[in-house]
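# Structural description and commentary
Each chain is listed here by its residues.
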Amino acid sequence: MSGTRDLERAVMALRRGGLVAFPTETVYGLGADATDAGALTRLYAVKGRPADHPVIVHLGEAAVLDDWAVAVPPVARALAARFWPGPLTLVLEAADTVSRVATGGLATVGLRVPAHPVALELLAAFGGAVAAPSANRFGRVSPTTADAVRRDLGPDVDVVLDGGSCAVGVESTIVDVSGAEPRILRLGGVTADAIASVLGAPVAVGGTTRAPGTLAAHYAPDARVVVVEDEHDLGAAVAAVDPEDAVGVLALREVLGTVGLPDAATTLSAPATVEEYARVLYRALREADDLGIDVVVAVLPPPDGLGAAVADRLRRAAASGR
Ligand code: TXA
Ligand code: MG
């Protein structure tokens, strides 16, 4: 875990235009000063991220929202009041203070107040806004531990703050509130139902705005990922894998209890709930690579609660065609 000295080093690094990895409740972020075009350009280079893909800008508290966004509609204030600090990103018309490097050239910006004490301490001590995509190379699995960040990014990151394992495990839900109707651009840590209950109406999911988290192929380990919608297809899916290939299985404990695991397969994780599935998902995909697993067969969780976000990430990992 990081201490006060690390926090001071991190703030100094941000002020100098450096890159700081820090924990949030969702995944670790790779942060740069959201007003510093030079620092942001380096951030994109380290991630290997195309320049037209915007990054999320993190704020220390909802009270500073109007310093970074303009024309904030009442629905945005209602969602911020309910879910910040927390795993919700609001897409709003950007204020001039936000570097257009962070917005990928768009007139809008994604803003969120994360709910992790280390992130909040960093933001409070820095005093500004920190642009931070997930701290992984573009298209790869997001890190949920400081160790995963170090292994991915190595010396390309100036300071890594260690805040333990991320409690949520999948990224924030992104809601675009810059248009006539709110839209969920990416499923995540806040459920669509919870958002609908604040808005008092169902909210559309999907959109045309550029968002790499919404690319069909994303979040991929080296192993090939195969998703199984129905647990009864698990045995057949494992049997269909080339016998030369090492197979890892990921499914709710309850599912593995009823259908049983084929002998040749390794259990990567058997979470008891959909929330635990979200928490262990990226770690399990990374472990699959560490273990030399060639094919991960994952049984999708039911779409209740965080299950919808878990299924979304698994489908995208499967679509990468690796
Ligand atoms: O939980 C999270 O959201 C994590 C932590 C670190 O906060 N961050 C994260 O960042 O997942 P990243 O860069 O991996 O994903 C950011 C997503 C992308 O899909 C991006 O396109 C979208 O946010 N985004 C950011 N600004 C946007 C905007 N103005 N319009 C539409 N999408 C936007
Ligand atoms: Mg990401």
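Please refer to the structure higher up on the page.
Structure report, in brief. (Residues numbered from 1 in each chain as written. Chains lettered and ligands numbered in written order. Predicted model: local features only at pLDDT ≥ 70, side-chain atom pairs only at ≥ 80, totals over all residues. Heavy atoms only, no water.)

## Let's talk about the pairing of strand S6 (residues 108–112)
Judged by how many residues are buried, S6 sits mostly within the fold: four of five residues are covered. Sheet topology note: the strand S3 (residues 56–58)/S6 ladder contains three bridges and is parallel. When the sheet's bridge partners are listed, Val57 is paired in S6 with Leu111. Relative to S6, strand S5 (residues 88–94) is paired through four bridges, and the arrangement is antiparallel. Across the sheet, Val91 pairs through a bridge with Gly110, a residue of S6. (Buried < 20%, exposed > 50% of the residue type's maximum accessible area, 1.4 Å probe, protein only. Helix = DSSP H or I, 4+ residues; strand = E, 2+ residues; numbered from the N terminus. Pairing = 2+ DSSP bridges.)

## What about the environment of Ser165?
Following the sequence through the fold, Ser165 ends up in the loop between strand S8 (159–160) and strand S9 (173–176). In the structure, Ser165 is positioned 19 residues away from Ala146 in sequence and 7.8 Å away in space, judged by C-alpha atoms. In this view, Ser165 contacts Thr144 and Thr145; residues no more than four positions away in its chain are not counted. (Contact = heavy atoms within 4.5 Å.)

## Describing empty space enclosed by the protein
For the structure shown, the criterion picks out two cavities of 30 Å³ or more. As a volume, the second largest cavity reaches approximately 40 Å³. Contributing to the lining of the second largest cavity are Thr144, Thr145, Ser165, Cys166, Arg279 and Arg283. Residue composition of the lining of the second largest cavity, grouped by class: one nonpolar, three polar and two charged. (1 Å grid on protein atoms, 1.4 Å probe; cavity = no way out; pocket = protein on both sides within 12 Å on 5 of 7 lines; lining within 4 Å. Points joined across faces, edges and corners; volume = space filled by probe spheres on them. Nonpolar A, V, L, I, M, F, W, Y, C, P; charged D, E, K, R; others polar.)

## Quick look at the packing of helix H4 (residues 74–83) against helix H7 (residues 192–199)
Where H4 contacts H7, the axes come no closer than 10 Å and their chain directions differ by 125°. Relative to H7, the element H4 lies oblique. The handedness of the crossing between H4 and H7 is right-handed. Packed against H4, whose contacting residues are Val75, Ala78, Leu79, Arg82 and Phe83, the element H7 presents Ala194, Ile195, Val198 and Leu199 at the interface. Considered class by class, the residues forming the contact of H4 with H7 number eight nonpolar, no polar and one charged. (Axes fitted to C-alpha atoms, helices over the stretch in contact; angles between N-to-C directions. Parallel < 35°, antiparallel > 145°, perpendicular 65-115°, else oblique. Left-handed = near helix turned anticlockwise from the far one by under 90°.)

## Considerations on unusual backbone geometry
Backbone torsion omega between Trp84 and Pro85 reads -5°, so that peptide bond is classified as cis. The phi dihedral of Ala71 falls on the positive side, at around 55°, and the residue is not glycine. Along the polypeptide, Ala71 turns up in the loop between strand S4 (69–70) and H4.

## Here we look at helix H5 (residues 117–126)
For H5, the set of buried residues is Val118, Ala119, Leu122, Leu123 and Phe126. Relative to the axis of H5, the buried residues are bounded by an arc of 135° and lie together on one face. Exposed residues on H5 whose side chains face more than 90 degrees from its buried face are Pro117 and Ala124. In the core, the buried residues of H5 are packed alongside helix H1 (4–15), strand S1 (20–22), strand S2 (29–33), S3 and strand S7 (130–131). (Arc of directions from axis to C-beta.)

## Focus: the layout of surface pockets
Empty space within the largest pocket amounts to approximately 370 Å³. Taken together, 17 residues form the lining of the largest pocket, with Ala148, Arg151, Arg286, Glu287 and Asp290 sitting closest to its centre. Mapped by element, the contributors of at least two residues to the lining of the largest pocket are helix H6 (146–153) and helix H10 (274–290). The leading source of residues in the lining of the largest pocket is H10, at five residues.

## With respect to the pattern of salt bridges
All told, the structure shown has 14 salt bridges when counted by the stated rule. Here Arg137 and Asp156 are joined by a salt bridge, their closest N and O atoms 3.2 Å apart. Of this pair, Arg137 sits in the loop between S7 and H6 while Asp156 sits in the loop between H6 and S8, and the two are 19 residues apart along the sequence. Asp156 sits in the partly exposed class, given a relative accessible area of 30%. Of the charged contacts in the structure, one is a salt bridge between Arg151 and Asp290, with a shortest N-O distance of 2.8 Å. (Salt bridge = Lys/Arg side-chain N within 4 Å of Asp/Glu carboxyl O.)

Distances and angles like these do not, on their own, reveal function.
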